[in-house]
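# Structure at a glance
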Amino acid sequence: MLLTQLSTAQIPAVYHEFADFIGENHWRNRVSQLEAEIRGNRFLGHLLRKENSLAYQLAELAELRRRYGSVPLLEVNNQQRYASMAFAAQALSIVQSRPAPLAEQFRRRIHDALKKPEAMRGLRLELSAATHFSRRSTKLTWPEMSGIGTYDLLIPELGPSGLEVECKSIGEDKGRRIHKREALDFYGLLWPHTKPLLVGLRTGFSAVLTLPGRLPEKHAQRVALAQAFAKAISNRASGPLVHGAEARIVEFDVAEVGEIHDGYVSPHARAVLEKISQTHNRETVVIGSQAGGALALTLQSEQDDTLLKAVFDTLSDSSRRQLSGMRGAIFVVGLSGIEGDQLLKVAKSDNSGSPSALQLAVSQFLSGCGRDHVVGVVFFSEGALRPGTDGVIDSGGTAYYFPKRQTPYWSEDFTGLWTSLGVERDG
């Protein structure tokens, strides 16, 4: 039985048991490695700490255990640690009901997830979906752990023969020509050449570097590109650079952007900078000067991002390879970097009669040949903690559900599966 509720009084015991089962060295070593990377590149801090937040939370608890011999109860009533403890408690509830070989298999999966953010996102999405169905008082099984299938969950009580659930976590880099980590590594190469430009800088400059495709593969070529870009910024000169790249330098009023902390760009600042730089959804960092100026760096590719195409290519491949085709199945798609209000805004636009690109892509996917068994797709926003009644803190996000009723695999059991979380729309 999957655990779906945890009290703060249980947290110390949960941490100790989880640490003994998994091994504290896995998150201690991971955080140590990440901090070394951050020391080598000042721009990596926000990304690496966010992507590996669970490892950082566990490392804080490990330090408390080392210092006091156990995790003090007074230290666990901290919402910043609830996510890691919910994960630990659910992981323990899974392995405790499994034979030793399957428990060991799941432990290795956690080891892998602690080292790979994309694997951790996938595992946490799977647990979120399992939690949702468990709270509906429905039974669930884990086909991959029991050897009966290659999809993530089976809900045997829904539909005439059960409902298959396959979870797909979509990272912010999906479909991008230039990934976020690549961009931040490039800014690290650029930093020694741009640092002198900040001395005495009193105004703002947006510097956009546009590449014909991806970043050069060779390190020496990237260094040369960084040097050329820094020179263009210094000269306030827009125009072509090496390797087919082009620089565009624009002056702006720093007051429009607001405060910047350690290069992190807030949603408000991002909106302002996108307008100034004439870019959208690109990797941008902002560096402030002591004189009150700022340098905003943006890296982009001329080739359009293809997020939706990449997402539905993934679902198409999975519908063939991982689903059995013998019963109804749905895809649960977690959208990293998408907040609940953003997803809700898309749903409201669709309901107003103006179909979004998402709705059009879903409709095309669901009507595709050979997908009768796919009875729906649901999109999850990033989750958040939400205060409830009687001191209960719940977690969840917004869900946008597209059911497909025009299929012989459809059952009315599949209607309203996510009503408590968000919006349902006919596919």
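As the structure is a computational prediction, the values presented were derived from the model and not from experiment.

In terms of helices and strands, the protein chain carries 15 helices and 13 strands. Whereas a compact globule of 427 residues would reach a radius of gyration of roughly 22 Å, the protein chain reaches 24 Å, a difference of no more than 12%. Judged by the C-alpha coordinates and their principal axes, the protein chain covers about 70 × 60 × 45 Å. Of the contacts made within the protein chain by residues no fewer than 6 positions apart, 66% connect residues no fewer than 24 positions apart. Of the accessible surface of the protein chain, which amounts to about 20600 Å², a share of 50% is contributed by carbon and sulfur atoms.

This model, assessed by the stated rule, comprises 14 aromatic pairs. With 6.1 Å between their ring centres and 65 degrees between their planes, Phe-43 and Tyr-187 make a pair best called edge-to-face. A residue pair is termed long-range when its members are at least 10 positions apart, and Phe-43 in the loop between helix 2 (25-40) and helix 3 (45-51) and Tyr-187 in helix 10 (residues 180-194) qualify at 144 residues. Take Phe-43 and Tyr-187: they sit in the same class, and that class is buried. Taken together, Phe-312, Phe-331, Phe-365, Phe-379, Tyr-400 and Phe-402 form an aromatic cluster joined through their ring pairs. Directly above the aromatic system of Trp-191 lies the positively charged group of Arg-42, at a separation of 4.4 Å from the ring centroid. Above the plane of the ring of Phe-21 lies Arg-107, whose end atom (NZ or CZ) is 5.4 Å from the centre.

Where helix 1 (residues 11-22) meets helix 4 (residues 53-68), the closest approach of the two axes is 11 Å, and the angle between their N-to-C directions is 100 degrees. Put simply, helix 1 runs roughly perpendicular to helix 4. On helix 4, the residues touching Tyr-15, His-16, Phe-18, Ala-19 and Asp-20 of helix 1 are Leu-58, Leu-61, Ala-62 and Arg-65. For the contact of helix 1 with helix 4, the per-class residue count stands at six nonpolar, one polar and two charged.

Turning next to the environment of His-179. In this fold, His-179 is placed in the loop between strand 2 (163-170) and helix 10. His-179 sits in the partly exposed class, given a relative accessible area of 33%. Remark: the alpha-carbon pair of His-179 and Leu-366, spanning 187 residues in sequence, is separated by 29 Å.

Each regular strand shows side chains that alternate between the opposite faces of the sheet. Most of strand 3 (residues 204-211) sits out of view: eight of its eight residues are buried. Residues Gly-204, Ser-206, Val-208 and Thr-210 point to one face of strand 3 and Phe-205, Ala-207, Leu-209 and Leu-211 to the other, with burial holding for every one of them. In this structure, strand 3 lies alongside strand 5 (residues 246-252), joined through seven bridges in antiparallel fashion. Its bridge partner lying in strand 5, Thr-210 is registered against Glu-246. Where strand 3 meets strand 7 (residues 294-301), eight bridges bridge the pair, whose relative direction is parallel. By the bridge assignment, Phe-205 is partnered in strand 7 with Leu-295.

Consider a sheet: its strands pair through backbone hydrogen bonds, and that pairing is either parallel or antiparallel. Strand order in the open sheet formed by five strands is 4-5-3-7-6, and the pairing between neighbours is mixed. This sheet does not close on itself; its edge strands, each paired only once, are strand 4 (239-240) and strand 6 (283-288). Lying on the sheet, helix 10 is in contact with strand 3, strand 6 and strand 7; it crosses strand 6 at an angle near 30 degrees. Contacts from helix 11 (residues 219-235) reach strand 3, strand 5 and strand 7 within the one sheet, and its direction differs from that of strand 3 by about 145 degrees.

One full turn of an α-helix is made of 3.6 residues, so residues set three or four places apart face in the same direction. Between its terminal C-alpha atoms helix 13 (residues 307-321) stretches 21 Å, which fits the 21 Å expected from 15 residues at 1.5 Å a residue. All buried positions along helix 13 are accounted for by Ala-310, Val-311, Phe-312, Leu-315, Ser-316, Ser-318 and Ser-319.

About the criteria used
- Residues numbered from 1 in each chain as written.
- Predicted model: local features only at pLDDT ≥ 70, side-chain atom pairs only at ≥ 80, totals over all residues.
- Heavy atoms only, no water.
- Helix = DSSP H or I, 4+ residues; strand = E, 2+ residues; numbered from the N terminus.
- Rg over C-alpha atoms; globule rule 2.2 N^0.38 Å.
- Contact = heavy atoms within 4.5 Å.
- Areas by Shrake-Rupley, 256 points an atom, 1.4 Å probe, with all protein chains shown as cover.
- Phe/Tyr/Trp six-rings, centres within 6.5 Å; stacked < 30°, edge-to-face > 60°.
- Buried < 20%, exposed > 50% of the residue type's maximum accessible area, 1.4 Å probe, protein only.
- Lys NZ or Arg CZ within 6 Å of the ring centre and 35° of its normal.
- Axes fitted to C-alpha atoms, helices over the stretch in contact; angles between N-to-C directions.
- Parallel < 35°, antiparallel > 145°, perpendicular 65-115°, else oblique.
- Nonpolar A, V, L, I, M, F, W, Y, C, P; charged D, E, K, R; others polar.
- Pairing = 2+ DSSP bridges.
- Expected span 1.5 Å × (residues − 1).

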